[in-house]
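# Examination of the molecular architecture
Residues per chain are reported as follows:
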Amino acid sequence: MTSFDPYILRKEFPYFAHESAVWLDNAANTQKPQAVLDRVLLSLARASTVHRAVYALAEEATLVYEEARSILARFISAPSKDEVIFTNGTTGAINLFARSLYLSGKRAGRQGFRIVTSVLEHHSNYLPWRMLADEPGVEIIIIGHDGLGIDMEALAKALSAPCDLVALSLCSNVSGAWLDSQQAAKLARAAGAVLFLDAAQAVLHRAICLDDSVALPAGGIRVAADALAFSGHKMYGPDGTGALWVRGDLLQDLVPVTFGGEMVRSVDDSAIDLQPPPRRFEAGTPNCSAILGFAEAARWLLQSPRDEFRAHEEGLGRMLHDELSALPGARLYSVPGPLISFTLDGWHTHDLALFLDREGLCLRAGRLCAEPFMRALGVPALVRASLAAYTTREDCMRLVRALTLAKAAIPGRACLARFARDSASMH
Amino acid sequence: MRTVEEILKDYARRSSGFDDTILEGRIFHNPNCGDSIRLALADTECGVLLRWNGEGCSLMTAGASLLSLISAGESRDAIKAFASYAIRLASRDAQARIADDAPLPGIRHNAIEAREAVFLFSEFARYPVRRECILLPWNAFIQLLEEM
């Protein structure tokens, strides 16, 4: 544990002033600091347009919008802001990248397309590639797991033959296990493949550094990749925001898959002259207010003591992991850290989540959008507690106490008590 | 007069229609949590007989139990009419509400259980994710009838 005080941090988050429920679903969505809310509201209060109009308000909006791109680039230490494309989230980013990469290769006359991904992936980094596999000439190889992480030996074996793309999660949304991206990149390069990383779960907990020439921030991690995606809402930013970073030379070759306003320099009956990246990938009016909120969240994190955040989250996560490991009947499916997935003997995961809800705790339960990994782990579903910088020791101990109560309760009865409180009676 | 909690507890405990000897029949899944239910529908001289088994939470169990009790002795058309109506009630958009003493669509025999289902499903309109749990058997049942 560090001297970091989450209670002081909480003062920046309106959620904690208005809500009493313990928020332990940070892997799905994070609460937002006031600075982010203010930025979104300010943008909405001064609506304008970007990259289009010449009036002063629009010029200012364009500058602010591009400054937001610079902040996001700095957030992941990307070499250039023009390698960052705004999207509506990690899902949107991966779908864009998958379609675009495939079409680019096809137009360049590439025969066949070999993809390697893993059973650990969130559906957003699984389904876009699986859907591509329906196209003629596309082959997909899904490597297995080694305990709670990716089977690196299987990855090496899969990449002993030429490959076009490797798509993996940097941090699992089920087990919390981190990928050794340096090793994955080495294997991908040897196979001639592009390495794409889903960093949705990673950006909350570690400062990502893509540029080897940049000094590694305290608590940060050097990440090797050719492309990477992440979401705003999982790092204290607004919902419906995300970014796709693609290495500059690779980005130049990608073709857009969405077409509309402000993504071409000229168009006539015979030719289309696309804007240079990233604008060619951002057709139509962007969600400016949310994107500015996303950039504000990145700025807020850049200015925060992220090494202290990390130490706090890791310390609490390990403590909670140990507590749950010692709880009779609890089975853990995650590595020690700020994401803990588990089951409790005798309890259906949804019944347990409803029981915990009654106890004032918000936890996700279900397949966690990772059905293949659930099958591989041999469980139908899991309950997941996920921590953030504002999580307190008391939050974690409330969960431990509630689970201890659950052990003593009768599953399927206790969980229904919630309805007694907030539902009507039948007359 | 029973509360939602009492109704749910009761039907979940009774697990009416549960039969772990069913090995054949259509299996339906809840994509959110992985729950599954296997339905076996038989026509008897007295009407339909619905049996089920599967892995599910207490809400799914209560929903299946309730469906099994309501459908007992009814015709396929009658229970289909009622199930469609009940499912619509669980939708927040549903405008149609019936008076406490008004006839229930399709139902001839099991009015007490059917009225509890109407009450329960109206309440679940406020829980768009949880309602998928209790509706799993009901949606599966409609799908099964349409496939038969």
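Note that the structure is a prediction, hence the values are computed from the model and not measured. Along each chain, residue indices are assigned from 1 in the same order as the chain's sequence is written. Note on labels: chains are lettered from A, ligands numbered from 1, in written order. Residue-level local features of this predicted model are given only where pLDDT is at least 70; pairs of side-chain atoms are given and counted only at 80 or more, and the full residue set underlies all totals for whole chains, interfaces and linings. Side-chain calculation: all heavy atoms of the structure are included, whereas hydrogens and water are not.

Helix and strand definitions follow DSSP, with helices as H or I runs of at least four residues and strands as E runs of at least two, each counted in order from the N terminus. Helix span is expected to be 1.5 Å times the residue number reduced by one. Between its terminal C-alpha atoms helix α4 (residues 56–75) of chain A stretches 29 Å, which fits the 28 Å expected from 20 residues at 1.5 Å a residue. Residue exposure (1.4 Å probe, protein chains only): buried if accessible area is under 20% of the type maximum, exposed if over 50%, otherwise partly exposed. Residues of α4 of chain A that are buried include every one of Ala58, Thr62, Tyr65, Glu66, Ala68, Arg69, Ile71, Leu72, Ala73 and Phe75 of chain A, and no others.

In this section: unusual backbone geometry. The phi torsion of most residues other than glycine is negative, and most of the peptide bonds are trans. Residue Pro278 of chain A is reached from Pro277 of chain A by a cis peptide bond, and omega for that bond is 5°. Mapped onto the secondary structure, Pro278 of chain A falls in the loop between β14 (272–274) and α10 (288–302). One non-glycine residue, Tyr236 of chain A, lies in the positive phi region at around 75°. Along the polypeptide, Tyr236 of chain A turns up in the loop between β11 (227–231) and β12 (242–246). Residue Tyr236 of chain A is classed as buried on the basis of its relative accessible area of 0%. The backbone phi angle of Ser15 of chain B is positive, close to 45°, even though this residue is not glycine.

Moving on: the nonpolar core. We call a set of buried residues a nonpolar core when its members are Ala, Val, Leu, Ile, Met, Phe, Trp, Tyr or Cys and they connect through side-chain atoms within 4.5 Å of each other. In terms of nonpolar packing, the biggest core is built from 78 residues, with Val166, Ile208, Leu228 and Phe230 of chain A touching the most fellow members. Among the elements that line this core, the one with the most residues is α10 of chain A, at nine residues. For Val166 of chain A, the contacting residues outside a window of four places in its chain are Val116, Leu155, Leu159, Ala188, Ala193, Val194, Leu195 and Phe196 of chain A. Counting 49 residues, the second largest nonpolar core, distinct from the first, contains Ala64, Ala83, Ala117 and Phe121 of chain B. Any pair of residues with heavy atoms lying within 4.5 Å of one another is described as a contacting pair.

All right, on to the domain arrangement of chain A then. All names here are of chain A. Taken domain by domain, chain A consists of domain 1 (6–31 + 305–420) and domain 2 (37–302). Contact with domain 1, which involves 36 residues of that partner, is made by 33 residues of domain 2. Once two parts are put together, the accessible area they lose, assessed with a 1.4 Å probe and summed over both, is termed the buried area. Interface of domain 1 and domain 2: buried area, both sides summed, is about 2,900 Å²; carbon and sulfur atoms make up 58% of it. Taken as a group, Arg306, Arg310 and Phe373 account for 26% of the area that domain 1 buries against domain 2, more than any other trio of residues on that side. Any Lys or Arg side-chain nitrogen found within 4 Å of a carboxyl oxygen on Asp or Glu counts as a salt bridge. On the surface where domain 1 and domain 2 come into contact, there are zero salt bridges. Pairing of N or O atoms within 3.5 Å defines a polar contact, subject to two protein rules: one partner must be a possible hydrogen donor and the other a possible acceptor, and residues neighboring in sequence count only if both atoms are side-chain atoms. Our enumeration of links across domain 1 and domain 2 arrives at 21 residue pairs in polar contact (both at pLDDT 80 or more). At the level of elements, α11 (306–325), β16 (339–344), α13 (371–377) and β19 (382–386) are the ones that each hand at least two residues to the side of domain 1 that touches domain 2. Considering every element that reaches the side of domain 1 that touches domain 2, the biggest residue donor is α13, with six residues. Residue polarity is assigned by list, with Asp, Glu, Lys and Arg as charged and Ala, Val, Leu, Ile, Met, Phe, Trp, Tyr, Cys and Pro as nonpolar; anything else, Gly included, falls into the polar class. Split into classes, the residues belonging to the side of domain 1 that touches domain 2 amount to 23 nonpolar, six polar and seven charged. Either an automatic procedure or a domain database provided the assignment from which the domain bounds are taken.

In this section: the packing of aromatic side chains. Residue and element names in this part refer to chain A. Here the aromatic set is Phe, Tyr and Trp, taking the six-membered ring for Trp, and pairing holds for ring centres within 6.5 Å; pairs whose planes are under 30 degrees apart are stacked, those over 60 apart are edge-to-face, and all others are tilted. Within the structure shown, the criterion is met by 24 aromatic pairs over all chains. Aromatic side chains Phe75 and Phe230 sit 6.0 Å apart centroid to centroid with 40° between the ring planes, which places their arrangement in the tilted category. Taken as a pair, Phe75 in helix α4 and Phe230 in strand β11 lie far apart in primary sequence, 155 residues in all. Ring centres 5.7 Å apart and planes at 65° place the aromatic pair Tyr236 and Tyr390 in the edge-to-face group.

Turning to the pattern of salt bridges, a few remarks are in order. With the rule as written, the count across this model stands at 33 salt bridges over all chains. For Arg384 of chain A, the salt bridge is made with Asp25 of chain A, and the minimal N-O distance between the two is 3.5 Å. Residue Arg384 of chain A is located in strand β19, and its partner Asp25 of chain A is located in the loop between β1 (22–23) and α3 (34–45); the two are separated by 359 residues in the primary sequence. Asp25 of chain A sits in the buried class, given a relative accessible area of 11%. Among the ionic pairs, Asp10 of chain B bridges to Arg14 of chain B, the shortest N-O distance being 2.8 Å. Here the residue Asp10 of chain B and the residue Arg14 of chain B both occupy positions in helix α1 (residues 4–14), the gap between them amounting to four residues, near one helical turn. Its relative accessible area of 10% is what places Asp10 of chain B among the buried residues.

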